[in-house]
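Notes for the structure review
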Amino acid sequence: MTTQELTNQYIANTYARFPVTFTRGEGSRLWDDTGKEYIDLGSGIAVNTLGLADSGWAETVAAQLRALAHSSNLYYTQPAAKLAQALCERSGMQNVFFSNSGAEANECMIKCARKYAADKWGENVRPVIVSLENSFHGRTLATLAATGQADFHHDFGPFPAGFAHARPNDIESLRRQLDEHDGQCCAILLELVQGEGGVVALEQAFVREAAKLAKERELLLLLDEVQTGNGRTGTLFAFEQYDIRPDLVSTAKGLAGGLPFGATLFGEAVSGTLGPGSHGSTFGGNPACAAGALYVLDQLNDSLLARVRESGAWLRAKLQAAPGVLGLTGLGLMLGIKTARPAKEIAAQCLAKGVVVLTAKDKVRLLPALNIPRDLLEEAIDILIACMDGQ
Ligand SMILES: *Cc1c(COP(=O)(O)O)cnc(C)c1O
């Protein structure tokens, strides 16, 4: 049987897959099992931060695998310790909890907010977290409940209680939700650029007002930077561009450059909230993944971040004028394109022509590796433009 036949028979059918089997990658190039070459503008959904098979990253991870792949959190290991220090020093946060995915990083963030509220006001007094409509926070039951899209809210109930949703960029809607749950809220949860929701960046004024409301009402400010973190938007974290100080930040996707890894960052108010035994993860902070993440973080210096902003600006300028483009959204190298033709058809056609692009809602979504060479980007965009134009 072929890989695709085996997959369809033996892997649960939860994904709508394109009929392509990738076997190899190098930087922003991919090859499938027929030897066909592709330019990658998806990075495995914002995961392959430095592209594929980055030699320094692969060497670092391989060396750690040979030294110590795993030992559990009953003991200390150096890669996790150094990574935690680097993340805190660069984000201004106080300490970190490591996990393996975005959903888990958010789950930890939610638990921490609830525990903080329980410590301060008593158990179950202020459990409500207000997030936004059109957000996406993960596939566990709690993160699904936090997700503000009705499509996700059936068949798997009952969901954990204590979540409400306000309209994005509508401060009155947020105020209304907080008023409706007056005396019951512990936190506001924001995804600064709603990725799965169509690559929609929240407005500066809305985010600042939301942060102000959080302060006035003694609510924690939680940011889901699972997709926007790790340089994706042109700063290490997107919150740096919004002039706010979050209490908790989650990240995952691009953090370890291709390995499963998540982190929840704690600010001053909550740095001591989760004590021994209150939370845990067998694989969390795994040395091999942490070594990969530390390597990625070292590469995410000012010059690479400047390059992200430049590549993003170049993309916008190029696409703005292109036929078949109705609008552009997003931040840095996280770009949504509203197209005249259906996005899914464009993505399939691009793939056939050797360019990997993603979709989000009704948009074409681009999440290239942060170090994608300009000539490759230009070559891929010319093909994308031809597809959007119906050629
Ligand atoms: C992808 C994503 C998640 C879920 O991450 P997983 O690693 O798939 O669990 C959560 N929040 C946001 C904003 C995401 O983009």
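Here, every reference points to the structure presented above.
Residues numbered from 1 in each chain as written. Predicted model: local features only at pLDDT ≥ 70, side-chain atom pairs only at ≥ 80, totals over all residues. Heavy atoms only, no water.

Sheets are built from strands that pair by backbone hydrogen bonding, the pairs being arranged parallel or antiparallel. Strands sit in the order E4-E12-E11-E10-E7-E5-E6 across an open sheet of seven strands; the sheet is mixed. Single-partner strands in this sheet number two, and they are strand E4 (95-99) and strand E6 (163-166). Each neighbouring strand pair of the sheet contributes to a mean axis angle of 20°, computed without reference to strand direction. For strand E7 (residues 185-190) and strand E10 (residues 220-224), the ladder comprises four bridges, and the chain directions are parallel. Looking at E10, one finds that Leu-189 is bridged to Leu-222. (Pairing = 2+ DSSP bridges. Helix = DSSP H or I, 4+ residues; strand = E, 2+ residues; numbered from the N terminus. Axes fitted to C-alpha atoms, helices over the stretch in contact; angles between N-to-C directions.)

The environment of the ligand is formed by 13 residues, the closest being Gly-102, Ala-103, Asp-224, Gln-227 and Lys-253. In this structure, Gly-102 approaches the ligand through a main-chain N or O atom, which is 2.8 Å from an oxygen atom. Interatomic distance of 2.8 Å between a backbone N/O atom of Ala-103 and an oxygen atom of the ligand. Starting from 380 Å² of accessible surface for the ligand in isolation, the protein chains cover 82%. (Near = heavy atom within 4 Å. Polar contact = N/O pair within 3.5 Å; in protein donor to acceptor, adjacent residues only side chain to side chain. Areas by Shrake-Rupley, 256 points an atom, 1.4 Å probe, with all protein chains shown as cover.)

With that out of the way, let us pick up the pairing of E10. Most of E10 sits inside the fold, with five of its five residues counted as buried. Because side chains alternate across E10, one face comprises the buried residues Leu-220, Leu-222 and Asp-224, and the other comprises Leu-221 and Leu-223, equally buried. Bridge analysis of E10 against strand E11 (residues 248-251) gives three bridges, and the strand direction is parallel. In the sheet register, Leu-223 faces E11, and the bridge partner there is Val-249. (Buried < 20%, exposed > 50% of the residue type's maximum accessible area, 1.4 Å probe, protein only.)

In total, this model carries zero disulfides according to the counting rule given. Cysteine Cys-387 is unpaired, with the sulfur of Cys-350 as its nearest cysteine sulfur at 3.8 Å. The class of Cys-387 is buried, set by a relative accessible area of 0%. (Disulfide = S-S within 2.5 Å.)

This brings us to unusual backbone geometry. Cis peptide bonds are those with omega within 30 degrees of zero, and the linkage from Gly-157 to Pro-158 qualifies with 0°. Positionally, Pro-158 belongs in the loop between helix H6 (141-146) and E6. You will see that Asn-134, though not glycine, has its phi angle at about 70°, which is positive. Phi is positive for Asn-169, close to 60°, though the residue is something other than glycine. Take Asn-169: it is sitting in the loop between E6 and helix H7 (171-180).

Right, let's get into the packing of aromatic side chains. In this structure the tally under the stated criterion is five aromatic pairs. Summarising the aromatic geometry, the rings of Phe-136 and Phe-152 are spaced 5.5 Å apart at their centres and angled 55° between planes, so their arrangement reads as tilted. Placement of Phe-136 in the loop between strand E5 (128-132) and H6 and of Phe-152 in the loop between H6 and E6 is noted, with a sequence separation of 16 residues between them. Using a relative accessible area of 16% as the deciding quantity, one classes Phe-136 as buried. An angle of 15° between the planes, with centres 5.9 Å apart, marks the rings of Phe-237 and Phe-239 as stacked. By relative accessible area, which is 0% here, Phe-237 ends up buried. On the accessibility criterion, Phe-239 (8% relative accessible area) is buried. Lying across the ring of Trp-31, Arg-24 places its NZ or CZ 4.1 Å from the centre. (Phe/Tyr/Trp six-rings, centres within 6.5 Å; stacked < 30°, edge-to-face > 60°. Lys NZ or Arg CZ within 6 Å of the ring centre and 35° of its normal.)

Before going further, it helps to spend a moment on the nonpolar core. Soluble globular proteins: nonpolar side chains tend toward being buried together. Counting residues in each nonpolar core, the largest one holds 93 residues, and the members touching the most others are Leu-41, Leu-174, Leu-190, Leu-319, Leu-366, Ile-381 and Leu-384. Looking at this core, the element that brings in the most residues is helix H12 (residues 374-388), giving eight residues. When residues no more than four places from it in sequence are discounted, the contact partners of Leu-319 are Val-325, Leu-328, Leu-335, Ile-337, Leu-366, Ile-381, Leu-384, Ile-385 and Met-388. (Core = buried A, V, L, I, M, F, W, Y, C linked by side-chain atoms within 4.5 Å. Contact = heavy atoms within 4.5 Å.)

All right, on to the side chain of Thr-147 then. Looking at where Thr-147 falls in the secondary structure, it is placed in the loop between H6 and E6. The class of Thr-147 is buried, set by a relative accessible area of 0%. Only 2.9 Å separates the side chain of Thr-147 from the backbone nitrogen of His-137, close enough to count as a polar contact. Apart from residues no more than four positions distant in its own chain, Thr-147 is found in contact with Ser-135, Phe-136, His-137, Gly-138, Phe-152, His-153 and His-165.

Attention now goes to the packing of helix H10 (residues 302-320) against H12. At a minimum axis distance of 11 Å, the contact between H10 and H12 shows a crossing angle of 30°. Taken together, the axes of H10 and H12 are roughly parallel relative to one another. Along this stretch, H10 crosses H12, giving a crossing that reads as right-handed. Within the contact between the two elements, H10 uses Glu-310, Ser-311, Trp-314, Leu-315, Lys-318 and Leu-319 and H12 uses Arg-374, Leu-377, Glu-378, Ile-381, Asp-382, Leu-384, Ile-385 and Met-388. (Parallel < 35°, antiparallel > 145°, perpendicular 65-115°, else oblique. Left-handed = near helix turned anticlockwise from the far one by under 90°.)

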